[in-house]
Amino acid sequence: MPPISRRSVLRAGLAAAGSALLLAGCRDGSTRDAFSTVGTLDFANPLRVPPLAPPHRAADGATVFELATAEGSTQFLPDKSTPTWGFNGSYLGPTLRAARGEKVRIAVVNRLPETTSVHWHGMHLPAAMDGGPHQPVAPGQTWTPEWTLDQPAATLWYHPHPHGATEQQVNRGLAGMFLVEDPDGSPAGLPRAYGRDDIPVIVQDRNFAEDGSFAAGPRALTGLTGNTVLVNGTWNPHLAVSTEAVRLRLLNASSARTYNFGFDDDRTFAVVASDGGLLASPVSARRVLLSPGERAEVVVRFAPGERAELRSFPQELGMTTALDNGAGGNDQLSVLQFRAAARLAPSAQLPAALSRLGAPDLAKIAASRSFVLNGRHINGRQMDHNRIDTVVGAGTTEIWTVSNTHNQPHNFHIHDVRFRILDVDGAAPPPELAGLKDTVFLPVRTTARLAVPFGRYADAATPYMYHCHLLWHEDEGMMGQFTVVPPGRAGGVPAAGTAHGH
Ligand code: C2O
Ligand code: CU
Ligand code: CU
C-alpha cells in the first residue's frame, strides 16, 4: 500500500469541500492517486437517521407504506445546495420496517420526469412484485406491489432498477433501507432501539462540482468513485452514543467503491449478520469488506467519554496499482465519528448463538450451473429483456459456480434468494461470509460456489435478475434473467407488454 502523503490528504480535504481547481486535477479516474481523508474532517454534523416510514393498516390487514419519488435539493456541504432525488424527501428514503408474516403493500408514486422502478433488494417475493426492469413506473404513475414477508430478520434495501439508468438514479439519491423483523428469530441481547443503539449506516461516495451539484466523474473502470463520503446523506458526520453497545447496519449503497470497514484504533467488533440475516453466532473481527449492494450488521462497544472513528482502509482490488488507485482501492476514508457520552446506559452481552443457521442443505441438488463474468458480459451475453437466460424449479436448490475471469473486480447478486457461499477458490468462506447472502464479491480471477435455494413463487413469464452490482456494469448489460417455474416444467418467454428496450 503506497504511503498516504500529506499533499494527498490536503487535496482530498479541499476537494471534499468542493474545490474546483483540485477536482479538475483528477478527472481521469483510472490514473488518480490514492488519497486519504483521515484528519481532514471535524465531524461537525450530527448523523442523519432516516425516519421510520409510518405504516398504515388497510382494511384487509395489510401494512401499507407510501414511497413517492421526487426531485429536490439537499445541503451536504457548507453553503452549497445539491440538486438531488429522494423518496418522501429530497435525498434517500425512509426506513421501512415490517415483521415476518406481515402482508405489506407499498404505493410507489413516481413524481420524477423519467421512468423509474423500485426493487426490494434481498426480498423473497413474487417476480411481478420485484421491481426490476420489468416493473417500470412511468412519470405520474403509481405502482402498488404487495407480498407477505417470509424470510429471516435482515437488513434489506430498496433502490431503482430501470435498465441503463440505475447508477444515475441511485446516485441522485434514490435508495432506502427495508428492515425485516422476525419475532421468532430475535435473540435477546442484540441492540434493537432504532436510532438509539440500532443505527442504519448507508455509505455512499460522491464527487461535488464547484456549484455544489454531484459531479459525474472521475470514473474508474469499476464506475463512479467519489472523493467525499456521505453516510445517510450526511457529510462529515458524527453519532452521539448513549449506550455501551451499538448495532450498525452497514449498507454499501455506492456505485462502484468497495469499503474495507474498521476502526481507527483497530478495535474488534462483532459481526452479527450478513446480507440475508443473522449469522449462527457473533464473529469477532477488525475489518469487514463490503462491495456494492452488500450489508453487514456489526455490534461495537464503546467506553464512556471516548471518541472513535469508523474508517475504510486500503484493500487489494487486484488490478494494476494505477487502476486500483483509480477505483479507490488504496484510499483511506474517514466515514463516521462516534462520540460516547460520559455515562453510557448498560448494554447486554451478545448471546453465544444468534440463529439456528445450520450447514447448507446439499442433500438434493437439482442442477449445477456456471456463470462466467468477463468484460461487461455474463456467459458471453449481455442483458436482453426478451431472453430468459436461466430457468429454475420452484423450491429446488442448485449449485451456481460464479467465476470472475476478468482482470477487473465484479460482484454477483441474485434476486429473490438467500444463498450460501460454499467456497471461494476452493477454500471455505470466512465465517462472516458463511451465512445468508444475496451478493458475493468476486475480486479479479476469483471463483465462488454458491448453494442457491430457490423460492416457491412460480411465474414462467416474469423473470428475476442476476447481475454485477457495480451499478455502471449492471447498466452496461452485465445482467441476466431467470424464471422460477414448477419443477420439471419448461420456461417461458417474458409476457407480452412487459419488455422494455433502452
Ligand atoms: Cu440491488 Cu438487482 O439489485
Ligand atoms: Cu436485488
Ligand atoms: Cu462488474
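Keep in mind that what you see is a predicted model, and the values were worked out from it rather than measured.

Basis of the calculations
Residues numbered from 1 in each chain as written. Chains lettered and ligands numbered in written order. Predicted model: local features only at pLDDT ≥ 70, side-chain atom pairs only at ≥ 80, totals over all residues. Heavy atoms only, no water. pLDDT = per-residue confidence, 0-100. Helix = DSSP H or I, 4+ residues; strand = E, 2+ residues; numbered from the N terminus. Contact = heavy atoms within 4.5 Å. Buried < 20%, exposed > 50% of the residue type's maximum accessible area, 1.4 Å probe, protein only. Polar contact = N/O pair within 3.5 Å; in protein donor to acceptor, adjacent residues only side chain to side chain. 1 Å grid on protein atoms, 1.4 Å probe; cavity = no way out; pocket = protein on both sides within 12 Å on 5 of 7 lines; lining within 4 Å. Points joined across faces, edges and corners; volume = space filled by probe spheres on them. Nonpolar A, V, L, I, M, F, W, Y, C, P; charged D, E, K, R; others polar. Domains from an automatic or database assignment. Pairing = 2+ DSSP bridges. Axes fitted to C-alpha atoms, helices over the stretch in contact; angles between N-to-C directions. Donors = N, O, S within 2.8 Å, 3.2 Å for Na, K, Ca; no water. Phe/Tyr/Trp six-rings, centres within 6.5 Å; stacked < 30°, edge-to-face > 60°. Lys NZ or Arg CZ within 6 Å of the ring centre and 35° of its normal. Salt bridge = Lys/Arg side-chain N within 4 Å of Asp/Glu carboxyl O. Core = buried A, V, L, I, M, F, W, Y, C linked by side-chain atoms within 4.5 Å.

(A) Spotlight on the confidence of the model for the protein. Scored by pLDDT, the protein comes out at a mean of 92, with 91% of its residues at no less than 70. Mean pLDDT across the secondary structure elements of the protein bottoms out at helix α2 (residues 20-24), with 32, and peaks at strand β7 (residues 119-121), with 99. With pLDDT under 50 throughout, residues 1-30 is counted as low confidence; its partners more than four residues away or in other chains account for 48 contacts. Below pLDDT 50 for its whole length, residues 496-502 participates in nine contacts with residues either more than four positions away or in separate chains.

(B) Molecular detail of the side chain of Asn411. With respect to the helices and strands, the residue Asn411 is situated in strand β30 (residues 410-414). The exposure class assigned to Asn411 is buried, which follows from its relative accessible area of 0%. There is a polar contact of 2.9 Å between the side chain of Asn411 and the side chain of Ser291. Among the polar contacts listed, one links the side chain of Asn411 to the backbone oxygen of Pro292, at a separation of 2.9 Å.

(C) View of the layout of surface pockets. Of the voids in this model, the largest pocket is the one considered here, and its volume is about 1000 Å³. If you trace the largest pocket, you find 37 residues lining it, with Pro152, Leu357, Arg418, Leu436 and Pro453 closest to the centre. Considering only residue class, the lining of the largest pocket consists of 16 nonpolar, ten polar and eleven charged. Of the domains in this structure, domain 1 (46-181) and domain 3 (367-485) are the two that each give at least three residues to the lining of the largest pocket.

(D) Region of interest: the sheet that holds strand β32 (residues 439-442). As summarised here, the arrangement of the five strands in space is β28-β35-β34-β30-β32, forming an open sheet in which the pairing is mixed. The outermost strands of the open sheet, each flanked by one partner alone, are β28 (390-393) and β32. Between one strand and the next, the sheet's axes are offset by a mean angle of 25°, whatever the strand orientation. Two elements, β28 and strand β35 (residues 479-485), share four bridges in a ladder whose sense is parallel. Looking across to β35, one finds that Val392 is bridged to Val484.

(E) Representation of the coordination of the copper ion (ligand 2) within the structure. Around the copper ion (ligand 2), the protein contributes the donor atoms His119 (NE2) and His413 (NE2), which lie 1.9 Å from the metal centre. With His119 in strand β7 and His413 in strand β30, this residue pair connects regions lying 294 residues apart in the sequence.

(F) Spatial organisation of the packing of aromatic side chains. Under the counting rule described, the total for this entry stands at 25 aromatic pairs. Geometrically, the ring pair formed by Phe76 and Phe214 is tilted, given 5.6 Å between the ring centres and 35° between the ring planes. Taken together, the residues Phe76 in the loop between β3 (63-74) and β4 (82-87) and Phe214 in the loop between β12 (198-206) and β13 (219-220) connect sequence positions 138 residues apart. Ring geometry for Trp400 and Phe454: centres 5.5 Å apart, planes at 50°, overall tilted. Note that Trp400 is positioned in strand β29 (residues 397-404) and Phe454 in the loop between β33 (446-453) and β34 (464-467), a separation of 54 residues in sequence. The exposure classification of Trp400 matches that of Phe454, with both residues buried. Sitting over the ring of Trp85, Arg172 keeps its end group 4.3 Å from the ring centre. In this structure, Arg206 is placed above the aromatic ring of Phe214, and the distance from its NZ or CZ to the ring centre is 5.4 Å.

(G) A look at the pattern of salt bridges. Considering all chains together, one arrives at 28 salt bridges under this definition. The closest approach of N and O atoms between Asp150 and Arg100, which form a salt bridge, is 3.5 Å. With a gap of 50 residues between them, Asp150 in the loop between β9 (146-148) and β10 (154-159) and Arg100 in the loop between β5 (96-99) and β6 (103-110) connect regions that are remote in the sequence. Classification of Asp150 as partly exposed rests on a relative accessible area of 41%. Among the ionic pairs, Arg287 bridges to Asp266, the shortest N-O distance being 2.8 Å. Here Asp266 lies in the loop between β19 (259-263) and β20 (269-274) and Arg287 lies in the loop between β21 (277-285) and β22 (288-290), a separation of 21 residues in the sequence. A residue is classified by how much of its surface remains accessible, and Arg287, at 27% relative accessible area, is partly exposed. The exposure class of Asp266 is partly exposed, given its relative accessible area of 34%.

(H) Region of interest: the pairing of β19. Of all the five residues making up β19, five are buried; the element is thus mostly covered by neighbouring parts of the structure. In β19, alternate side chains face the same way, and those of Tyr259, Phe261 and Phe263 on one face and Asn260 and Gly262 on the other are all buried. Strand direction decides the pairing type here: β19 and β22, joined by three bridges, are antiparallel. Paired with Phe261 across the two strands is Val288, which belongs to β22.

(I) Highlighting the pairing of β34. Here β34 shows a buried face lined by Tyr464 and Tyr466 and a second buried face lined by Met465 and His467. Inspection of the sheet shows β30 paired to β34 by two bridges, in the antiparallel sense. Looking at β34, one finds that Ile414 is bridged to Tyr466. Of the strand pairs in this sheet, β34 and β35 are connected by four bridges, and their pairing is antiparallel. Paired with His467 across the bridge in β35 is Met479.

(J) Local environment of the nonpolar core. By size, the foremost hydrophobic cluster in this structure holds 34 residues, and its most contacted members are Leu248, Leu250, Phe261, Phe302 and Phe338. Broken down by element, the residue count for this core peaks at six residues, all from strand β25 (residues 333-345). When sequence neighbours within four positions are dropped, the list of residues in contact with Leu248 reads Ile199, Val201, Phe263, Ala296, Glu297, Val298, Val300 and Phe338. One finds Ile414, Ala448, Leu450 and Met478 within the second-largest nonpolar core, a separate group that totals 26 residues.

(K) Focus on the environment of Ala451. Note that Ala451 resides in strand β33. Using a relative accessible area of 3% as the deciding quantity, one classes Ala451 as buried. Taking the C-alpha atoms as reference points, Ala451 and His469, 18 residues apart in sequence, are found 19 Å from one another. Apart from the residues lying within four places of it in its own chain, the contact partners of Ala451 are Pro360, Leu362, Glu398, Ile399, Phe419, Arg420 and Leu422.

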